[in-house]
Amino acid sequence: MDLTYTPEEEEFRARLREWLGKALPALPPKPSPDDWPARRAYDLGWQRMLYDAGYAHVHWDASPTLRLIFLEETEKAGAPYVGANFVGLLHAGPTIAAEGTGEQRARWLPPVLRGEEVWCQGFSEPDAGSDLAALRTRACRDGDDYVVSGSKIWTSHAEVADWCELLVRTDSCAPKHRGITWLAMPMDAPGITVRPLRTLAGSAEFAEVFLDEVRIPVANRVGDENDGWRVTMVTLSFERGTAFVGEVVACRRVLGELAAEARKNGRWDDPLLRRRLGRLNAEFRALWRLTQWNVSEAESGVPGVGGSVFKLRYSQARQELYDAAADVLGADALDLDRPWTLDRLSSLSYTIAAGTSQIQQNIVAERILGLPKGR
């Protein structure tokens, strides 16, 4: 497979670099990490700038290669991360683009691209995390509505979201993977209670969400009733296959900063540390190539199971990167105000988020290697 860029793609890269050089100095100061309403406004403002400049479309309407270039260049330039927009731009939006009706795409996609609406993810439950298909939030059909009761946990950005990509059980008698439906739930509907959760790193981007007879129009269903597991696999393919692209670039940047810090504070004299950083450099270069491969393979619009290979190794490599950062910082690694310390804490979640490493190993074993399912 040819992984080189065409002249047209390199021209897109050059135009994007030029625009970023002019746009980024005009951004307002970043808000406090704990002020989520302000962070929502900041993130939506950045998305609006992208929209006005003609770059918002790359998430769904551009080729996978242009999407890769966009994510690479914005991360290298230090542009804002998608932040509160990440579920809408990287999970729900691509799913609706791939699986939604024309009316659904027209209703939900433009506001995300214009920086007008935020989505959250209502998948996990207290007893349905890695075993997501064990979810018990119930949806009963009542005329033109579903009446939904249950609870969700680790719901990203629920406290500032307008919409939620919600998984519900619509047939309790069917095998657990076949009775699930994917709904778009308005977060201002009566019966929704949101309780923020504080993480180990001190942030509160997750929440518990309690649903008490929430009415959701049947028109908000993406895909057929009881076909939600298949639609969910589309969502998870985007989450594992392309949503981490910018983070690989960020990790490569951090690795260079770690090497510079080690030279400055004397830790570079340790040959074991140099070897560790060198191995991580090779690791992230290989992950970047794997990312290019996965994106090139996703010409159909939906990433394949290669995303699980990437997610499995990237999660571990990210943890190893910030463990190396602790070695470089020494005693300063306990200072929460130092760079990389909070990143080290958040990296602990990566082998759990977006499907645990054990789940990814099962996917690789069964769908790529053709091994039998475990009993």
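Scroll up for the structure.
Report on the accompanying structure. Only a predicted model underlies this, so the values are computations on that prediction, with no experimental measurement involved. (Residues numbered from 1 in each chain as written. Predicted model: local features only at pLDDT ≥ 70, side-chain atom pairs only at ≥ 80, totals over all residues. Heavy atoms only, no water.)

Take empty space enclosed by the protein next. Applying the stated rule across the entire model yields two cavities of 30 Å³ or more. The space that makes up the largest cavity amounts to roughly 210 Å³. Taken together, 20 residues make up the lining of the largest cavity; nearest its centre are Leu71, Thr74, Pro80, Tyr81 and Val82. The residue inventory of the lining of the largest cavity, partitioned by class, reads 12 nonpolar, five polar and three charged. Put simply, the second largest cavity is a space of about 30 Å³. (1 Å grid on protein atoms, 1.4 Å probe; cavity = no way out; pocket = protein on both sides within 12 Å on 5 of 7 lines; lining within 4 Å. Points joined across faces, edges and corners; volume = space filled by probe spheres on them. Nonpolar A, V, L, I, M, F, W, Y, C, P; charged D, E, K, R; others polar.)

One pass over the full model with this rule turns up seven aromatic pairs. Note on tryptophan 108 and tryptophan 119: the rings are 5.9 Å apart at their centroids and 85° apart in plane angle, and the pair reads as edge-to-face. Of this pair, tryptophan 108 sits in helix α5 (residues 102-113) while tryptophan 119 sits in strand β1 (residues 119-122), placing them 11 residues apart in sequence. The burial state of tryptophan 108 is the same as that of tryptophan 119; both residues are buried. The interplanar angle of 85° and the centroid separation of 5.8 Å between the aromatic rings of tryptophan 154 and phenylalanine 206 together place this pair among those described as edge-to-face. Within this pair, whereas tryptophan 154 is found in the loop between β3 (145-152) and β4 (163-169), its partner phenylalanine 206 is found in strand β7 (residues 206-217), the two being separated by 52 residues in sequence. Among the aromatic residues, ring-to-ring pairing joins Phe12, Trp19, Trp46 and Tyr55 into one connected group. Here arginine 13 stacks its cationic end above the ring of tyrosine 5, 4.8 Å away from the centre of that ring. The ring of tryptophan 268 carries the charged tip of arginine 263 above its face, separated from the ring centre by 4.1 Å. (Phe/Tyr/Trp six-rings, centres within 6.5 Å; stacked < 30°, edge-to-face > 60°. Helix = DSSP H or I, 4+ residues; strand = E, 2+ residues; numbered from the N terminus. Buried < 20%, exposed > 50% of the residue type's maximum accessible area, 1.4 Å probe, protein only. Lys NZ or Arg CZ within 6 Å of the ring centre and 35° of its normal.)

Okay, the pattern of salt bridges next. Scanning all chains against the criterion turns up 28 salt bridges. Put simply, aspartate 52 and arginine 48 hold a salt bridge, and the shortest N to O gap is 3.1 Å. A residue pair is termed a helical-turn pair when its members lie 3 or 4 positions apart in one helix, as aspartate 52 and arginine 48 do in helix α2 (residues 36-53) at four residues. The partner of arginine 141 in a salt bridge is glutamate 225, and the shortest N-O contact between them spans 3.9 Å. Highlighted residues: arginine 141 in strand β2 (residues 138-142) and glutamate 225 in the loop between β8 (221-222) and α6 (228-241), separated in sequence by 84 residues. Of the residues examined, arginine 141 reaches a relative accessible area of 48% and is grouped as partly exposed. We classify glutamate 225 as partly exposed; its relative accessible area is 31%. When salt bridges with common partners are traced through the structure, they connect Glu10, Arg13, Arg17, Glu72, Glu73 and Lys76 into a single cluster. (Salt bridge = Lys/Arg side-chain N within 4 Å of Asp/Glu carboxyl O.)

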